[in-house]
Amino acid sequence: MPTLAPATAASAAREILRRLHDVMAARTNAQTKLNSVVQIIGEALDSEVCSIYLLRDGVLELYATRGLEQNAVHVTKLALGEGLVGTIAEKVQMLNLAEATSHPDFAYKPETGEELFHSFAGVPIVRRERAVGVLAVQHVDPRRYDDVEIEALQTVAMVLAELIAAAGLVDGRTSGKDARDSGAVRLTGLKLVEGMGRGLAVYHQPRVVVEHTVAEDIEVERHRVYSAFARMREQIERMTSQAEFGVAGEHQDVLATYKMFAYDEGWSRRINEAIDSGLTAEAAIERVQQRTRMRMREISDPLLQDRMHDLEDLSNRLLRIVSGQLGTAAQLGLREDTILIARNLGPAELLEYDRRRLKGVILEEGSLTAHVTIVARAMGVPVLGRVANVRRQIAEGDMVLLDTSQSAAFVRPSSPMEEAFDSKLAATQRRRAEFAAMRDLPPLTQDGLRIELMVNAGLRDDIAALDVTGADGIGLFRTEFQFLVSATLPQRERQQRLYKDVLDAAGARPVIFRTVDIGGDKALPYMNDDGHDEENPAMGWRALRLSLERDALMKAQARALVEAAAGRELNVMFPMVSEPWEFDEARALFEGQRKWVAERGRELPHAIRYGTMLEVPALAEQLDLLLPKIDFLSIGTNDLTQFLFAADRAHPKLAERYDWLSPAILRFIRRVVEQSDAAGVKLGICGEMGGRALEAMALIGVGVNRLSITPAAVGPVKAMIRSLDAAALRAAMPQWLAEAPRNMRDVLARWAGNRDVAIA
Ligand code: PEP
Ligand code: MG
């Protein structure tokens, strides 16, 4: 077989593609097309044999051949892993052999008459990363095929994938020796939101399926790739400078790698070479991606593998840009019960999903108190975070059972896995029913202390949680959620409608509305920050700091609240107050709106009570000045602990490092409780900490009497409260806090265990 010089390789491939393009466009049936294809490739590569095997019902069937016995067509069949062809399909890897018979996997099929041919090269025909067939060439002379010839074969195989997909010849049971095909797997991670869910895997950023592989005009394709690269680089520059790519932390490393690849000349050159061989921009990107993937399988260094995954991510991004398929899975709409897969998500991105279909989320990153986790908790969607190599293990459409209480996801579950899942689900539902049965029982401790148990809310759908849980009220209504789900800034009327609906549903039960806490990781795409790039957005221009500066926004919200609460009590809480004067200003702004409404003779709330969050440690140092001014105080442990420990709440590596039950936190809270009690100001906790039974117990132990928690936690926390002797715990606490044991969690858990306190 003549060798193609590299310079002519591209033009040879281009010539093949041109002829294939004509075949594909012809109005003939699929079999005729495949017959033409083997002729074209055989001739172009001057190969005596060219054959196409397609996977049908999990078996590779000879579909068309030039050079082998025609009688063998549709007769010769190979199982996956059988013979050279079966091996190529199973491993999704090419083979290039000077002497086919000497390969251990060689299987002789007498009906084909292939004993005449010594050399053999075959490449998988790949669609959606799976082998759907094999393209093979054979030659009498015993010699290996050149790299450029293999390259041409692989390019042709891509086009064939398009042809057989268009002809409806793709088998549902495709193959591929990838973890994704090796049957059931159990993936483990970090439980971010407790729960169980069942659904089909959907990637947040869907993979682009390349539909057209053969270029009509190479110059046009070159230009498309060039512009896509420019856009991608722009995006990455922006992500780097604004840290808008979700949260900080590990992202910085990822972004640095993205940047390195985005400017990597080798990568863009390889894509351009693929275009030269006649591929469309999409197909060229995919072609290079396939090559990278094949190389990746040979790499065992996990660090390098990670980098290769970053390149894969970036390739997908480039593909989305060039194909214009920019939407997330949320924008495309979920069609079935779904387990969503993503590297990470912002809260606004999560809120775009249809709650009825979203049954769970698996993240490669993620942390316990990141806002996306809080939003998921509010939505009742279980989340498993910190799952390594998700994309290598789960393919789009795989069945996934998520059980975050086991910190696990079962992918393509076996029957025993399904059975175990179902029986646990039934048990969970029974437990939930038991909790539901406690709905009307008061959260009263064994020794008669009435704990106020309220819920955190923020979405319209959360209103129902009040009745379902039998909670005492809404202790934290995160008004920014409405802003996050909206594509534009919600107008005052819309805000007012929501607030009124919430108050109507709550009836006599109190609702504490927190003014918008936007900024940080709750960035609003439609609200730019006047070009302030923040290196540390959690400590940046967010919450009340932003509201006081953008006072038009705050005034609109104040008026919406005042008018919505006409004739009722209005409880307003300000987030991220660091110094008492901020409270004074915010209160004055509200009072201004109250006056404005009163001057127009409209009905006012019968009382407005003002309170603040305590989440910035500095405020604790001026509590004596603040307490006389406020009606209530609520400790936001999510932010408070990140600031106390100087540990980013969204940083995946710190996710489990600092324990809410550390003596530092408990001592801090105890001090605030004592001061508030002395001042006669009602104090509550509204961070996620209060929603965990053992943590809630510890909080009661340091004197807290009001908890506002995620609705799903009301049952377990109420069960804990009703089994607790609060006086005994409060008596034991000072000693523990004085000793400050390194593992306070153990101490508390042991105490609870000895006294049969219900800690779920
Ligand atoms: C907190 O910080 O604890 C809190 C309740 O507020 P958010 O989680 O909305 O920042
Ligand atoms: Mg907060």
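Conventions adopted
- Residues numbered from 1 in each chain as written.
- Chains lettered and ligands numbered in written order.
- Predicted model: local features only at pLDDT ≥ 70, side-chain atom pairs only at ≥ 80, totals over all residues.
- Heavy atoms only, no water.
- Donors = N, O, S within 2.8 Å, 3.2 Å for Na, K, Ca; no water.
- Helix = DSSP H or I, 4+ residues; strand = E, 2+ residues; numbered from the N terminus.
- Buried < 20%, exposed > 50% of the residue type's maximum accessible area, 1.4 Å probe, protein only.
- Phe/Tyr/Trp six-rings, centres within 6.5 Å; stacked < 30°, edge-to-face > 60°.
- Lys NZ or Arg CZ within 6 Å of the ring centre and 35° of its normal.
- Pairing = 2+ DSSP bridges.
- Polar contact = N/O pair within 3.5 Å; in protein donor to acceptor, adjacent residues only side chain to side chain.
- Near = heavy atom within 4 Å.
- Areas by Shrake-Rupley, 256 points an atom, 1.4 Å probe, with all protein chains shown as cover.
- 1 Å grid on protein atoms, 1.4 Å probe; cavity = no way out; pocket = protein on both sides within 12 Å on 5 of 7 lines; lining within 4 Å.
- Sits in = over half its atoms within 2 Å of the grid points.
- Axes fitted to C-alpha atoms, helices over the stretch in contact; angles between N-to-C directions.
- Contact = heavy atoms within 4.5 Å.
- Right-handed = clockwise from strand over helix to strand, strands pointing away.
- Points joined across faces, edges and corners; volume = space filled by probe spheres on them.

A. The coordination of the magnesium ion (ligand 2), seen in detail. Looking at the magnesium ion (ligand 2), the protein donor atoms are Glu615 (OE) and Asp639 (OD), and they sit 2.1 Å from it. Residue Glu615 is located in the loop between β19 (607-614) and α21 (617-620), and its partner Asp639 is located in helix α23 (residues 637-644); the two are separated by 24 residues in the primary sequence. Relative accessible area serves as the criterion here: at 2%, Asp639 is assigned to the buried category.

B. View of the packing of aromatic side chains. Per the stated rule, a full pass over the model turns up eight aromatic pairs. Each ring, one from Phe229 and one from Trp267, has its centre 5.2 Å from the other, and the planes form 75°; the classification is edge-to-face. With Phe229 in helix α5 (residues 218-242) and Trp267 in helix α7 (residues 265-276), this pair connects stretches of sequence that are 38 residues apart. Taking relative accessible area as the criterion, Phe229 reaches 4% and is therefore assigned buried. Ring plane angle 65° and centroid distance 5.8 Å describe the contact between Phe574 and Phe583, whose orientation is recorded as edge-to-face. Residue Phe574 is classed as buried on the basis of its relative accessible area of 0%. An aromatic cluster of at least three residues, connected via ring pairs, comprises Phe574, Phe583, Phe590 and Tyr610. Over the aromatic face of Tyr145 sits the side chain of Arg143, whose NZ or CZ is 5.7 Å from the ring centroid. In this structure, Arg671 packs its charged tip against the face of Phe668, placed 5.4 Å from the ring centre.

C. Broad picture of the pairing of strand β6 (residues 130-139). Among the 10 residues of β6, 10 are classified as buried, and the element is accordingly described as predominantly covered. Note: strand β1 (residues 49-56) against β6, six bridges, orientation antiparallel. The partner of Leu54 across the bridge, within β6, is Gly133. As paired elements, strand β5 (residues 119-127) and β6 share nine bridges and run antiparallel to each other. Opposite Val126, over in β6, you have Ala131 as the bridge partner. Connecting β5 to the next strand, β6, in antiparallel fashion are two residues, including Arg128 with a positive phi near 50°.

D. Broad picture of the side chain of Ser51. With respect to the element layout, Ser51 can be found in strand β1. Of note is the side chain of Ser51, whose polar atom sits 3.0 Å from the side chain of Thr65.

E. Spatial organisation of the site of ligand 1. Taken together, 17 residues are adjacent to ligand 1, and Arg478, Arg514, Glu615, Gly636 and Asn638 come closest. A distance of 3.1 Å separates an oxygen atom of ligand 1 from a polar atom in the backbone of Thr637. Here an oxygen atom of ligand 1 and a backbone polar atom of Asn638 are 2.8 Å apart. If ligand 1 stood free it would expose 290 Å²; the protein chains cover 100% of that surface. In this structure, ligand 1 is accommodated by the second largest cavity. Of all the elements, α23 adds the most residues to the shell around ligand 1, at three residues.

F. Molecular detail of the sheet that holds strand β10 (residues 338-342). Pairing within the open sheet is mixed, and its eight strands lie in the order β7-β14-β13-β9-β10-β11-β12-β8. Edge strands, defined here as strands with exactly one partner in the open sheet, are β7 (185-188) and β8 (190-193). The sheet shows a mean angle of 30° between the axes of neighbouring strands, direction not considered. Both strand β11 (residues 358-363) and strand β12 (residues 383-385) contribute to a ladder of two bridges, which runs parallel. Across the sheet, Val361 pairs through a bridge with Val383, a residue of β12. Lying on the sheet, helix α12 (residues 371-379) is in contact with β8, β11 and β12; it crosses β8 at an angle near 60°. Seen against the sheet, helix α14 (residues 415-437) touches β7, β9 (196-203), β13 (399-403) and β14 (408-411) and runs at an angle of roughly 125° to β9.

G. A look at the pairing of strand β18 (residues 569-574). Counted residue by residue, β18 has five buried out of six residues, so it is predominantly covered. The sheet contact formed by strand β17 (residues 511-514) and β18 spans three bridges and is parallel. Bridge pairing in β18 places Arg514 opposite Met573. As judged from the six bridges shared by β18 and β19, these two strands associate in the parallel manner. For Val572, the partnering residue across the bridge sits in β19 and is Tyr610. Traced from β18 through helix α20 (residues 580-599) to β19, the parallel crossover comes out right-handed.

H. Expanded view of the sheet that holds β5. Reading across from one edge, β3-β2-β1-β6-β5-β4 is the order of the six strands in this open sheet, with antiparallel pairing throughout. Both edges of this open sheet fall to β3 (77-79) and β4 (95-97), since each of them pairs with a single strand only. On average, adjacent strands in this sheet sit at an angle of 25° to one another, irrespective of strand direction. Helix-sheet contacts for helix α3 (residues 83-91) involve β1, β2 (59-66), β3, β4, β5 and β6, and the interaxial angle to β5 is about 35°.

I. How the structure looks around empty space enclosed by the protein. One pass over the structure, following the stated rule, counts seven cavities of 30 Å³ or more. One number sums up the size of the largest cavity: a volume of about 180 Å³. Residue lining of the largest cavity: 18 residues in total, with Val85, Phe106, Ala107, Glu114 and Phe120 positioned closest to the centre. Elements represented by at least two residues in the lining of the largest cavity include exactly α3 and β6.

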